[in-house]
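Letter by letter, the chains look like this.
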Amino acid sequence: MPTDVSAHPSAAPADLFGLAAEFASPEALLAAARRVRAAGYTRAEAYSPFPIEGLSHALGFARSRVAMIVLFGAFIGAVGAFGMQWYANVLSYTWDIGGKPPNSWPAFIPITFELAVLGAAVAAVLGMLALNGLPEPYHPMFNLPQFGLASRDRFFLCVEASDPKFDLAEARQLLQDLAPVSVGEVLK
Amino acid sequence: MPETVGVHIPPVMESGHTYASVTDHIDGIVLRRRWTWVWLAAFGFTFALVMLLTTAIGWLIVRGIGVWGVDIPVAWGFAIINFVWWIGIGHAGTFISAMLLLMRQDWRTSINRFAEAMTLFAVACAGLFPLLHLGRIKFFYWLVPYPNTMWLWPQFRSALVWDVFAVSTYGLVSLIFWYVGLIPDLATLRDRATGRRRRVIYGILAMGWRGASRHWTRYQTAYLLLAGLAAPLVISVHSIVGMDFASAQLPGWHTTIFPPYFVAGAIFSGFAMVLSLAIPMRAAFGLQGFITIRHLDNCAKLMLVNGLIVAYGYLAEAYMGWYSGNAYESYVNLNRMHGPYAPAYWVMMTCNVLVPQLLWFKWVRRNVPTLFLLAFLVNVGMWTERYVIIITSLHRDFLPSSWGMYYPTFWDLATLVGTIGLFLCFFLLFCRFLPVISIFEMRELVHSTAGGTRPPPTMEPKHAH
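As the structure is a computational prediction, the values presented were derived from the model and not from experiment.

Right, let's get into the overall build of chain B. Scanning chain B from terminus to terminus reveals 15 helices and 0 strands. Here the C-alpha atoms of chain B give a radius of gyration of 24 Å, agreeing with the 23 Å that 2.2 N^0.38 yields for 465 residues. Each of the three principal axes of chain B carries a C-alpha extent, and together these read 90 × 60 × 45 Å. Counting every position in chain B, which comprises 465 residues, the buried fraction comes to 48%. Pairs at least 24 apart in sequence give 82% of the contacts found in chain B among residues at least 6 apart.

Moving on, we come to the overall build of chain A. Looking only at helices and strands, one finds 5 helices and 4 strands in chain A. Counting from the amino terminus, helix and strand elements in chain A follow one another as β-α-β-α-α-α-β-α-β. The globule rule puts the C-alpha radius of gyration for 188 residues at 16 Å, and the 25 Å found for chain A is more than 25% above it. With respect to the three principal axes, the spread of C-alpha positions in chain A is 85 × 30 × 30 Å. For chain A, the share of sequence-separated contacts (at least 6 apart) that also reach a separation of at least 24 residues comes to 80%.

Moving on to the domain arrangement of chain A. If you check the domain split of chain A, you get domain 1 (16-61 + 138-187) and domain 2 (66-132). Computed over C-alpha atoms, the centres of domain 1 of chain A and domain 2 of chain A are 44 Å apart.

Here we take up the nonpolar core. Counting 191 residues, the largest nonpolar core has Leu29, Ala124 and Leu157 of chain A together with Val274 of chain B as the members making the most contacts within it. Per-domain counts for this core show at least three residues from each of domain 1 (16-61 + 138-187) and domain 2 (66-132) of chain A.

Moving on: the interface of chain B and chain A. Contacts between the two partners involve 57 residues from chain B, matched on the other side by 62 residues from chain A. When residues of the side of chain B that touches chain A are traced back to their parent elements, those giving at least two are helix H1 (19-31), helix H5 (159-192), helix H7 (213-246) and helix H15 (439-448) of chain B. Here the side of chain B that touches chain A takes 17 residues from H7 of chain B, the largest share from any one element. A class-by-class count of the residues in the side of chain B that touches chain A yields 32 nonpolar, 17 polar and 8 charged.

As a further point, take helix H3 (residues 66-92) of chain A. Between its terminal C-alpha atoms H3 of chain A stretches 36 Å, which fits the 39 Å expected from 27 residues at 1.5 Å a residue. The largest bend along H3 of chain A reaches roughly 25° and is located at Trp86 of chain A. Of all the residues in H3 of chain A, the buried ones are Val66, Ile69, Val70, Gly73, Ala74, Gly77, Ala78, Ala81, Gln85, Ala88 and Asn89 of chain A. Check the buried side of H3 of chain A and you find it contacts helix H4 (109-132) of chain A together with H7 of chain B.

Bringing the confidence of the model for chain A into the picture now. On average, chain A scores 88 in pLDDT, and the residues at 70 or more come to 94%. Counted against residues more than four places away or in other chains, residues 1-10 of chain A, with its pLDDT under 50, gives 13 contacts.

What follows covers the environment of Val332 of chain B. All names here are of chain B. By the element assignment, Val332 lies in helix H10 (residues 327-338). In this structure Val332 comes out as buried when scored by C-beta crowding, with 23 C-beta atoms within 10 Å. Separated by 21 residues in the primary sequence, Val332 and Ala311 have C-alpha atoms spaced 18 Å apart. Apart from the residues lying within four places of it in its own chain, the contact partners of Val332 are Pro251, Gly252, Gly321, Thr392 and Ser393.

Residues and elements named next belong to chain B. Between its first and last C-alpha atoms helix H4 (residues 112-133) spans 32 Å; for 22 residues at 1.5 Å apiece the expected length is 32 Å, and the two agree. Judged by how many residues are buried, H4 sits mostly within the fold: 17 of 22 residues are covered. Immediately downstream of H4, the backbone of Gly135 shows phi near 90°, a positive value.

Before going further, it helps to examine the confidence of the model for chain B. All names here are of chain B. Confidence in the prediction for chain B averages 89 pLDDT; 95% of positions are at 70 or higher. Ranking the helices and strands of chain B by mean pLDDT puts helix H11 (residues 342-354) first, with 96, and H1 last, with 88. Low pLDDT, under 50, characterises residues 1-6; the predicted model gives this stretch 1 contact beyond four residues in sequence or across chains. Here residues 451-465 scores under 50 on pLDDT; set against residues more than four positions off or in separate chains, the count is 27 contacts. As a predicted assembly, this complex carries a pTM of 0.90 together with an ipTM value of 0.90.

Here is what the cut-offs are and how they apply
- Residues numbered from 1 in each chain as written.
- Chains lettered and ligands numbered in written order.
- Predicted model: local features only at pLDDT ≥ 70, side-chain atom pairs only at ≥ 80, totals over all residues.
- Helix = DSSP H or I, 4+ residues; strand = E, 2+ residues; numbered from the N terminus.
- Rg over C-alpha atoms; globule rule 2.2 N^0.38 Å.
- Buried ≥ 20, exposed ≤ 12 C-beta atoms within 10 Å, placed from the backbone.
- Contact = placed C-beta atoms within 7 Å.
- Domains from an automatic or database assignment.
- Core = buried A, V, L, I, M, F, W, Y, C linked by C-beta atoms within 7 Å.
- Nonpolar A, V, L, I, M, F, W, Y, C, P; charged D, E, K, R; others polar.
- Expected span 1.5 Å × (residues − 1).
- Bend = angle between axes of the 7 residues up to and from the residue.
- pLDDT = per-residue confidence, 0-100.

Have a look at this one:
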């Protein structure tokens, strides 16, 4: 894992995942993300110890689909719960409780509400994890020795080698100009 | 925002903290703190109480429900009192983590994690009781709707069946919410742990979290939506618990004020438990810089507000007993004040109405030992409240010929004390193995309160302008 910033290899090694720059503040990372995006890179990702407003959008992330998944989960929960109670009391086993009609829907609302919340909550978590591709046992970023600090007080920006515009020397120059703490190659 | 002249508001976090210092301080409690005798002694004691609980449950299963003091007419005894008490305690955790998040109260950041853990453990204790109370525990699954050879379904028009769904939803959502909040912190522990075993365990739990910007965006959406979903649970779960009582015909139970008054009582007792846990915890782990007087003060104020709503509930009950002109309703009130269980009623009034009035004074809210004592009294008072509601209503209802008395047995007490032990045992383990304060949210707080690191010498590239 060479982190020697003075080297200038012309061709990227085959097992290169990307080139990562390390920053000391969220402001520097955000500015760097904007610059990299403005330079035309589409496959770059920023890593930070806490969420930074506007960072993912600066890197070209349009919108998260989590909210739609949650709505869908709530819908499944609500329809399932009401359907279950309706089926049980109207079709499967009609049971006269206090002279109420079989489909006494107001009494079915509490369970419908609770299961709508449950469906939505489960959908929120599973949807978020699935869209994020988690759990993910292996990721190349962890090969960068200083990456452990990404969960403490350092901020990383990685320009990935799979980017159509990627050229190692050019990317290195771009990242160096952003005054990072360090620049390192990330191997697969 | 300029501070009002002459009013000193303590900060939500002591000054001078950086991203690194908050991280190191909080993960150090888990990763670098030695085992202390105090912790081991406390764990040993609470674990002995857990053993008492398992013995009490074992004896209940072997001998049957007769080992408890419940009988006709008082068929709901300690089990239901403890259930309502524990589930109520949980509500403050959800209130702090969900409602205060939605209302952008930044002081919630350093107390939400352990308050959520408190919720989870309280719900775990609460969930035991309805099952034990069934008498025939092996048939607990009859509560669940499933296709069966008897062609029967649960009675969906009953508040007791609503409760099954409300409490299990509440337990599951609390668990999910807590775990999602933990993921970035588990990644911090994985990255900072030195031993291989810890790295592997925290690594598996962190699921490969690496703080990517796109991940954070989805994470924040999901977390905010979870908060929005958990917030109505605070209201709905305890309202349904209130309806368990209100839908009965019994004098003292059959009243429309129960759902809102139960919710206020739940949050009241929950904040008392938050304070009972926070005060020793901040002292034991040196967290006074993160859980400041401001937090204690705010919790005390919320306790006061909810205590006043509870006091209004007592007043409304007494008023309706008189105004209804119903002989049974007015008798329940008189019986509570002057009957055989009058001491419980006056303990309740003292602890829940009289004592919390001290919280109007700032020096009481900011005096830590006094606040701890006061929170303890509120916990006692709220348990007594459920005792008064359940026992005094049941023991003398309509026909004097069917009146009777209720006396708890040793096994009733053992089960109550055992669940307190279980709760504290879980909490001690939580303090030792997971971060008690949300680390990533503290870093965010450092950022938003303009601390963090000094800006590096060149923030923008030289030719940016």
